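Topology and contacts: notes
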Amino acid sequence: MKSKWPLVALVCLFLRTEAIDYRSWRCEPYEFFLDFYRCCSESKLSERSEPSWTPTTYVLYEVNPSEGFNLRRDVYIRMAVFMRGLRRMPGWENTKLVLPPWSELHHWRSNTINQRNLTWGHFFDLESMRKFTEVIEAEQFFREFERWSTGSGRHEARKAVSINEYYRLTHFDDMFENGVFVDKFEQTPCTKALTKDAPGFMRLHATFEIDDFYCVRFQGAATLLYSMFKKFGPEKQPEIRTIFVGNAEVVLHDHWGNVDYWEARRSMRFSKTLVSIADEFRLHNFNSSNERDRVQRPASWTDERPYRKAKGGDFLCAHLRRADFLYGRDKTTPTLHSAAAQIKKKLLELGLRKVYISSDCPGMEFNDLKNYLRRFKVVRFTPESRAQMDQLKDGGVAIIDQIICSQARYFIGTYESTFTYRIYEEREILGFPRDLTFNTFCKHEEATNCEKNAVWPIQYE
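Residues numbered from 1 in each chain as written. Predicted model: local features only at pLDDT ≥ 70, side-chain atom pairs only at ≥ 80, totals over all residues. Heavy atoms only, no water.

All right, on to the sheet that holds strand β9 (residues 354–359) then. Read across the open sheet, the 4 strands follow the order β10-β9-β8-β11; overall the sheet is parallel. On the outer flanks of this sheet lie β10 (377–379) and β11 (408–412), each paired with one strand and no other. Neighbouring strand axes in the sheet, compared pairwise and without regard to direction, differ in orientation by 25° on average. For strand β8 (residues 313–320) and β9, the ladder comprises 5 bridges, and the chain directions are parallel. Within β9, the residue paired with His 319 across the bridge is Ser 358. Docked against the sheet, helix α12 (residues 336–350) engages β8, β9 and β11, running at close to 160° with respect to β8. (Pairing = 2+ DSSP bridges. Helix = DSSP H or I, 4+ residues; strand = E, 2+ residues; numbered from the N terminus. Axes fitted to C-alpha atoms, helices over the stretch in contact; angles between N-to-C directions. Contact = heavy atoms within 4.5 Å.)

This next bit is on the pattern of salt bridges. What the rule picks out here adds up to 25 salt bridges. Here Glu 186 and Arg 217 are joined by a salt bridge, their closest N and O atoms 3.3 Å apart. With a gap of 31 residues between them, Glu 186 in strand β5 (residues 184–187) and Arg 217 in strand β6 (residues 208–219) connect regions that are remote in the sequence. Judged by its relative accessible area of 36%, Glu 186 falls in the partly exposed class. Measuring nitrogen to oxygen at the nearest pair gives 3.0 Å for the salt bridge that ties Asp 324 to Arg 321. Judged by its relative accessible area of 23%, Asp 324 falls in the partly exposed class. Among the charged side chains, a salt-bridge network with shared partners connects Arg 265, Arg 422, Glu 425 and Glu 426. (Salt bridge = Lys/Arg side-chain N within 4 Å of Asp/Glu carboxyl O. Buried < 20%, exposed > 50% of the residue type's maximum accessible area, 1.4 Å probe, protein only.)

For the rest of this paragraph, the subject is the packing of helix α3 (residues 69–86) against helix α7 (residues 224–232). α7 packs onto α3 with a crossing angle of 60° between their chain directions and a minimal axis gap of 10 Å. With respect to α7, the axis of α3 lies oblique. For the pair α3 and α7, contact is made by Met 79, Phe 82 and Leu 86 and by Leu 225, Tyr 226 and Phe 229, respectively. Within the contact of α3 with α7, the residues separate by chemical class into 6 nonpolar, no polar and no charged. (Parallel < 35°, antiparallel > 145°, perpendicular 65-115°, else oblique. Nonpolar A, V, L, I, M, F, W, Y, C, P; charged D, E, K, R; others polar.)

As a further point, take helix α8 (residues 259–267). Judged by how many residues are buried, α8 sits mostly within the fold: 7 of 9 residues are covered. Here α8 has its buried residues at Tyr 261, Trp 262, Glu 263, Ala 264, Arg 265, Arg 266 and Ser 267. Residues of α8 that are buried make contact with α3, α4 (126–129) and α15 (418–430). Measuring from the side-chain oxygen of the N-cap residue of α8 to the backbone nitrogen of Asp 260 gives 3.3 Å; that N-cap residue is Asn 258. (Polar contact = N/O pair within 3.5 Å; in protein donor to acceptor, adjacent residues only side chain to side chain.)

Considering all chains together, one arrives at 38 aromatic pairs under this definition. In this structure, Lys 184 is placed above the aromatic ring of Phe 172, and the distance from its NZ or CZ to the ring centre is 4.6 Å. The aromatic ring of Phe 325 is capped on one face by Arg 329, whose charged end is 4.6 Å from the ring centroid. (Phe/Tyr/Trp six-rings, centres within 6.5 Å; stacked < 30°, edge-to-face > 60°. Lys NZ or Arg CZ within 6 Å of the ring centre and 35° of its normal.)

Time to look at the nonpolar core. Tyr 61, Tyr 76, Trp 120, Leu 169, Met 228 and Tyr 356 are the most contacted members of the largest nonpolar core, which has 80 residues in total. In terms of residues, this core owes the most to one element, α3, which gives 11 residues. (Core = buried A, V, L, I, M, F, W, Y, C linked by side-chain atoms within 4.5 Å.)

Before going further, it helps to spend a moment on the sheet that holds strand β1 (residues 56–61). Two pairing modes exist for strands in a sheet, parallel and antiparallel, and in both the strands are linked by backbone hydrogen bonds. Spatial strand order, β3-β2-β1-β7-β4-β6-β5: 7 strands in an open sheet with mixed pairing. Either end of the sheet is taken by a strand with one partner, and the two such strands are β3 (135–137) and β5. Across the sheet, the axes of successive neighbouring strands diverge by a mean angle of 30°, strand direction being ignored. Pairing of β5 with β6, which is carried by 4 bridges, proceeds in the antiparallel orientation. Each residue of the ladder has a partner; that of Phe 185, found in β6, is Phe 218. Running over the sheet, α3 touches β1, β2 (94–99) and β3 and is turned about 170° from β2.

Applying the stated criterion to the full structure yields 3 disulfides. Disulfide partner of Cys 317: Cys 405, at an S-S distance of 1.9 Å. Here Cys 405 lies in helix α14 (residues 386–406) and Cys 317 lies in strand β8, a separation of 88 residues in the sequence. In this model, Cys 442 is linked to Cys 450 through a disulfide, with the two sulfur atoms separated by 1.9 Å. Linking Cys 442 and Cys 450, the disulfide has an S-S dihedral of approximately -65° and is accordingly described as left-handed. Pair check on accessibility: Cys 442 and Cys 450 agree, each one buried. (Disulfide = S-S within 2.5 Å.)

Written out as structure tokens, the structure reads:
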């Protein structure tokens, strides 16, 4: 009598390949003929009707190339807060936010170093950010997509990265129709101007393809994106879904300045390398450290609590915006002489002898400023070598500026500068009294009632 075992093995193989989700496989096909009992018993035949996988969605986004480093950080907060809420929705639990690389931003003017496709990890602590929501670098997305598309055993190898839905957002022509701002979106015909360029950081990958391209007029908070995804996307979440949001700066905060905003902001701690360089600089120049300055800085941002007793180092920090502000905002931007007079007045008032200057001014202007303040020690951070500049990049130098300014006894910034706003936020997190933080240069030193930046206190509950 012929053995029945070969037939049993073939039946088992048929059941495994046709009726069971590939993620439950425990053996390669050739193993069935060597140890078919183990393979069949481990294939979880009882789960044939219920797939074991969880749908995975990748949300990619980009910001208008003309926008600067600090505005892009703010756009990230909008998307991160949205992402945390989205991951609480059924079917969206395994959604990941893909971070767009940094490339040759408008304010990065060093043209002798490579500043293309820099990772977020170059500037920020990604592990800290992931304590708020799930974020991954672009390169990790490419690796995960490749593993999925070529390693499943039931998909043919795909040379292109597939974007299922690409949404190019634009503003409505009249955002206050009938005098009222209403959250809304609508599909609009795509023009060549809207479709001619590929998603920027997708150029990191050799090839890509877009299944559905939507041009959408959009106005409203980030949560409105969910309605857009539901309207134009598939009825049922697929196994893998990739969504790209172009011009994400069009999307507004859901609740700007609330607890969610501040938790996302607090999670954006800077990279340990940049913090270490800034800490060494302020210790050497100002004898300043977290302990001496009495700032709040636990190992994790999740352990931060309401605090207003930070003292800061024995120095004043001034963020003095120059460059395009001299002609774009000339009515509110002070001259060097005026700025120096305001700095000197505050130094004398506080009994301080040292000032740190954070500015995009050229070396000649910085020397002029030092001459105006010759009775005081005036310093700024500059990379100690070409190698360190190549390591830090322009963005890293800017962050070191912000770290040092966030630790000063007193801070004064530039009107309507997002760079100044980011320093305000850092100081709020560290626990400084508001009157030592929310200060703004006036156009003229004798002015006592000039326009000031807004004050927004940190929220914990």
